Structures are given as C-alpha cells and as structure tokens.
Amino acid sequence: MSLPATQTELERIRGECRIMVKNRAFVSAGAATIPVPGADVLADMAVLSTMLQTINEQFGLSQQDLDQLDPEMRKFALAAAGSIGSKLIGKMITRQLVALVFKKFGVRFVSRQVVRFVPLLGQAVAAGLSYGVIARIGYTHIDDCYRVAQQVQRALVSVKAE
C-alpha cells in the first residue's frame, strides 16, 4: 500500500483500523478465557503482531512502504515516528517488537494471569483486561500512524509545491 493521498482517505483508514482493533481485542479476550496456561499470551502475540503490521500497511507506513519512498521522505517519516515515540512505525513487526510492547504493558498481563485462577469471575476479569490492553495498544498505534501519515502528507504537499 502507499501513503493516503487525502485527509478523507486518512480518516477512512483510521475508522477501518479502529473496527479491526475492536474485533482483534475480542479475539484476545476470548483467548483469555481458555484455561490453558500460556495460551492467551501466545494468542496475544499473534493478534498483536498481525494487528500492528496491518495498521502500518493500511497507513502506508510499513517497512516495505517506506522503502519505496524517496530517501529524504523516508528519513522524514522515520523522524516523525521517532518524535512521537513510536518504535513500531516503519518496522517489520517481529516477536522482539511485540515483546517490547508486552514489557510496556507487563503489569496488566501479570495481573491478568493471576486473576485467571479465580473460577469464572477471574476468567471474566482476565478477558476484560485482555480486551483493554489489546485495544489500548491498537488505538494508540492507530493514533501514532495517523499523526505520522498526516505529517508526511503535509511534507509531500510542500515538496510538490516547490
């Protein structure tokens, strides 16, 4: 995919990605109810890696997309991502990157593991925590991609105007 050309397209992509994140968070919540130790973490890793990569691709900010840009514009996009603190934009989403995301939200994952051992109520709480964490990570990444894509759009317009 390529960078969205208009603000309208950017808004459409943001809306579609928000729906996708909600759906993937429900998958994560469902996995949290499975009483097999570690199954939810494996599911979350799979959900996060595909979700984050898809968001990057939708906004035209995957590693492959940025590699197709003019070198100066690529540097600008990566600098814009760095300025908002995103380590996920323009990168191939690997297990190591997902592990960093897990580490950032580690307390919530640990508490989810602990509450799972309380029958029924614990599984419901774990599902709620799982949904919340995955949704928050996804929505934050969407917002980051949206801001970077906007900055790159503006930069491309100003370059074309020159």
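A short tour of the structure in this document, coming up. Remember, predicted model here, so these are calculated numbers, not experimental data.

Cut-offs used in this document
Residues numbered from 1 in each chain as written. Predicted model: local features only at pLDDT ≥ 70, side-chain atom pairs only at ≥ 80, totals over all residues. Heavy atoms only, no water. Salt bridge = Lys/Arg side-chain N within 4 Å of Asp/Glu carboxyl O. Helix = DSSP H or I, 4+ residues; strand = E, 2+ residues; numbered from the N terminus. Buried < 20%, exposed > 50% of the residue type's maximum accessible area, 1.4 Å probe, protein only. Contact = heavy atoms within 4.5 Å.

Overall, the coordinates contain six salt bridges when judged by the stated rule. In this structure, Glu9 and Arg12 form a salt bridge, with 4.0 Å as the shortest nitrogen-oxygen distance. With Glu9 and Arg12 both in helix H1 (residues 7-32) and three residues apart, this pair spans about one turn of that helix. With relative accessibility at 26%, the residue Glu9 sits in the partly exposed group. The class for Arg12 is partly exposed, based on a relative accessible area of 39%. A salt bridge links Arg14 to Glu11, with the nearest nitrogen and oxygen atoms 2.8 Å apart. Placement of both Arg14 and Glu11 in helix H1 is noted, with a separation of three residues, approximately one turn of the helix. Overall, Arg14 belongs to the partly exposed group, its relative accessible area being 24%. Judged by relative accessible area, which is 33%, Glu11 ranks as partly exposed. Taken together, the shared-partner salt bridges in this structure form one network comprising Glu9, Arg12 and Glu16.

Mapped onto the elements of the fold, Gln53 is located in helix H2 (residues 39-58). For Gln53, the contacting residues outside a window of four places in its chain are Ser62, Gln64, Lys91, Met92 and Ile93.

All we've got here are geometric facts, nothing functional implied.
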